[in-house]
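# Examination of the molecular architecture
Chain by chain, the residues run as shown.
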Amino acid sequence: IPEIPDEIPENPLSRIEGLPEISSLTTEKCVAAIGKHTLDYESGVRQIEKKLKDSGSPPLLFPDVLDPLEILGAPLDTTWGLVKTLYLTKSKLMPTNCYMGIHDRARRARATKFNSLPIYTACKESTVLKDGTYSDEQNRVVSKFLLEGRLNGVELKGDEKINFNEILAKIAHERKQFQEKIENSEKPASVVLLANALVVLSSTAKDREIKVRILVGKCQAQLLGFESFADMSMQTKMAGSVQEVHSMMNSLLKRAKSAQQKELELLEEFAAERGFGGSLKSWDVPYWKRKQQITIYSYDEEELREYFPFPQVLSGLFTLCENLFGLTIMPQPDVDTWHPDVQYYHIFEGGKDTPIAGFYLDPYEREEEKLFVRDDSGWMVALRTKTSLMNTNPLAALVFNFPQPLYGKPSLLPFRDVLLLFQKFGHALQHLLTKTSYAEVSGSSNVEWDAVEVCSHFMTHWVYEPSTLASIGSHYESGKPLPDDIVDKLCKVRQHLAGYDLCQELYLSALDLELHTTKEFWLDIVRRLLPQYSSFPLETIDSHPCAFLPVFTGQWGAAYYCHLWARIIAADAFSAFREVDRRNSTEISEIGRSGSRVQGVTIDWTADDRDDRGLNLGHVY
């Protein structure tokens, strides 16, 4: 354990009015703080475990177990969130290698409560879910501990038939032998990684081939009582079952496939008129799609930017939130931040004087200082979660890489950045406007994977509303509104080749589920699925599953469909507003503030109007 100096903040976010003195932080202070908080957290979990083991009577679940865990987690979570913000915005202060070490340390510490057999047993033996003693929210907290414990195999720790120490020792021994063989090998090792399946590491050594097999996902699922990894994955999804996901995909495919065929026929005609010979291949589509889109919906991207000055777009976004949710968002001067560009805002609700939440906004790019990821340079970081036990309100940071204001001009946003701002702000609202009392089920916590993006996509629907475009779009010099023809093109361009795009995503979602359900060879799965979704045959040189990185190197195994599911739910939520006159601010406000028609959406994949909405291209795409 590294030495922890005395000069560390008890909690980097425990300052006047709950805001941190960020400018005073250093790398050393962040590392020391996360070290202290992780040790305190793990020590606190062990103390709770000891009390549970030593107690001769059943514990009071919340006062003795879950409430102390809630209090323990607050300092660690807020410090962790602040460190991530510094990683995104001040790379010299928080370099990647330092952040990854902190992130891994905090993640492992945070997981100890879900890996605890005494805590899991206390939740399981509690009468919370039976006698109605606790609120629905408290029941959800208990359910989360039970689900996480089951998926982590906590119950198996008490199974005397399974010797985990022996298994881990054997794997460690085999890994050591494998590494030694690699170092002594005349030829480089070939490593094949199949996420959530068998991991096979092979090396051609001097005399023989060594194969080390480590069981993960598939065997993990079977050990926990699930038929497949996909079935296990559904435990944390709104869909609930693989069959329900297939029902959704089949419903959309009925309309998407025919639309795709017509779109590709028109695209091939378009290409032929411009000198393209032969039939289109799948790799030709992106190029000719772009050419066709420019021809049909021609507008100058640079000229369009002049109609979206960042200050006006932000003001229009805040006005929309006021109309929809009754919020007032006010900048707060003289708040300590990590850069002069950063502005802090308070959120007020219903005309009250006390803020319910707050957020930092860091909008502009800074070379060699801020993290930049092509096509996705926007982040929402939860700095603090609402918890009644600590009497804390939510706090977040929104980080973007928008163009800097230059030569007296404001930052002029490309339309894709306008969409990104609305999307990430929707994600932030889910965190900031939570009404729950427990951090474990607050904001985005404990939200099903296929529902966590719903608020983000819901907000982007409003960008295409004429009233919103009128609010956020006018020329930065003349003040002239967006021309009507440009408004019409912006609303229609997202439907271009939407049938094709939808079929592509449906295919990848189906492929992901099949790879995590069946025992078929991957190429046989591709040959079986591709004709159902694609108008193009499988080419000999096509090995696209090898580039399916979100599934094989990320966390989206048996979950790729989640992005599509969230967009559909967002379209359903937005449809509640389409049923009224959207020029009537009173009716819009009533729906937005009540939330009764937006929450608890019921899914019926057999309804004809769902097919129409799903392919009214722009509701899903």
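Below is a short write-up of the structure. Keep in mind that what you see is a predicted model, and the values were worked out from it rather than measured. (Residues numbered from 1 in each chain as written. Predicted model: local features only at pLDDT ≥ 70, side-chain atom pairs only at ≥ 80, totals over all residues. Heavy atoms only, no water.)

Attention now goes to the packing of aromatic side chains. Tallied over the entire structure, the rule returns 31 aromatic pairs. Between Phe-458 and Phe-577 the ring centres are 5.7 Å apart and the planes differ by 45°, which places this aromatic pair in the tilted class. You can see Phe-458 sitting in helix α15 (residues 454-463) and its partner Phe-577 sitting in helix α21 (residues 562-578), a full 119 residues away along the chain. Each of the two residues, Phe-458 as well as Phe-577, counts as buried. We note Lys-237 situated over the ring of Trp-449; from NZ or CZ to the ring centre the distance is 4.7 Å. The residue whose ring lies beneath Arg-494 is Tyr-464, and the NZ or CZ to ring-centre distance is 3.8 Å. (Phe/Tyr/Trp six-rings, centres within 6.5 Å; stacked < 30°, edge-to-face > 60°. Helix = DSSP H or I, 4+ residues; strand = E, 2+ residues; numbered from the N terminus. Buried < 20%, exposed > 50% of the residue type's maximum accessible area, 1.4 Å probe, protein only. Lys NZ or Arg CZ within 6 Å of the ring centre and 35° of its normal.)

So, about the environment of Arg-274. Along the chain, Arg-274 falls in the loop between α10 (242-273) and α11 (285-296). Every residue in contact with Arg-274, bar those within four places of it in the chain, is listed here: Trp-288 and Thr-295. From its side chain, Arg-274 meets the backbone oxygen of Phe-270 in a polar contact 3.2 Å long. (Contact = heavy atoms within 4.5 Å. Polar contact = N/O pair within 3.5 Å; in protein donor to acceptor, adjacent residues only side chain to side chain.)

A contiguous nonpolar surface patch, about 230 Å² in accessible area, is contributed by Ile-71, Leu-389 and Met-390. Relative to the elements of secondary structure, Leu-389 occurs in the loop between β7 (378-384) and β8 (395-402). (Patch = residues over 30% accessible without salt bridge, like charges linked within 9 Å, V, L, I, M, F, W, Y side chains within 5 Å. Areas by Shrake-Rupley, 256 points an atom, 1.4 Å probe, with all protein chains shown as cover. Salt bridge = Lys/Arg side-chain N within 4 Å of Asp/Glu carboxyl O.)

Turning to the side chain of Asp-501, a few remarks are in order. Assignment of secondary structure puts Asp-501 in helix α18 (residues 498-515). Classification of Asp-501 by relative accessible area gives buried; the value is 18%. A polar contact is formed between the side chain of Asp-501 and the side chain of Lys-289, at a distance of 2.9 Å.

Right, let's get into α18. Between the first and last C-alpha of α18 there are 26 Å, a value that for 18 residues agrees with the 26 Å anticipated at 1.5 Å per step. In terms of burial, α18 is a largely internal element, 15 of the 18 residues being buried. (Expected span 1.5 Å × (residues − 1).)

On to the nonpolar core. The biggest cluster of nonpolar side chains holds 97 residues, and the ones touching the most others in it are Phe-308, Phe-359 and Phe-415. In terms of residues, this core owes the most to one element, α21, which gives 11 residues. Excluding residues within four positions of it along the chain, Phe-359 makes contact with Phe-318, Ile-329, Gln-343, Tyr-344, Tyr-345, Ile-347, Leu-395, Ala-396, Leu-398, Phe-425 and Leu-432. Formed by 50 residues, the second largest nonpolar core is a distinct cluster that contains Val-45, Phe-62, Tyr-87 and Phe-145. (Core = buried A, V, L, I, M, F, W, Y, C linked by side-chain atoms within 4.5 Å.)

It is worth spelling out the pattern of salt bridges at this point. Under the defined criterion, the tally for this structure stands at 24 salt bridges. Here Glu-42 ties to Arg-105 by a salt bridge, and the two come within 2.8 Å at their closest N and O atoms. On the criterion of sequence distance, the pair formed by Glu-42 in helix α1 (residues 27-54) and Arg-105 in helix α3 (residues 96-110) is long-range, its members being 63 residues apart. The salt bridge involving Lys-289 is made with Asp-501; its shortest N-O contact spans 2.9 Å. Of the two residues, Lys-289 is situated in helix α11 and Asp-501 in helix α18; the sequence distance between them amounts to 212 residues. Beyond isolated ion pairs, a larger network of salt bridges with shared partners links Lys-90, Asp-341, Asp-362, Arg-366, Glu-369 and Lys-370.

Following both chains from N to C, one finds helix α14 (residues 415-432) and α15 inclined at 135°, their axes separated by 7 Å at the closest point. Classified by the interaxial angle, the pair formed by α14 and α15 is oblique. Regarding α14 and α15, the two cross each other, and that crossing is right-handed. Facing Phe-415, Val-418, Leu-419, Phe-422, Gln-423, Gly-426, His-427, Leu-429 and Gln-430 of α14, the residues of α15 in contact are Cys-455, Ser-456, Met-459, Thr-460 and Val-463. Residue classes in the contact of α14 with α15 are distributed as eight nonpolar, six polar and no charged. (Axes fitted to C-alpha atoms, helices over the stretch in contact; angles between N-to-C directions. Parallel < 35°, antiparallel > 145°, perpendicular 65-115°, else oblique. Left-handed = near helix turned anticlockwise from the far one by under 90°. Nonpolar A, V, L, I, M, F, W, Y, C, P; charged D, E, K, R; others polar.)

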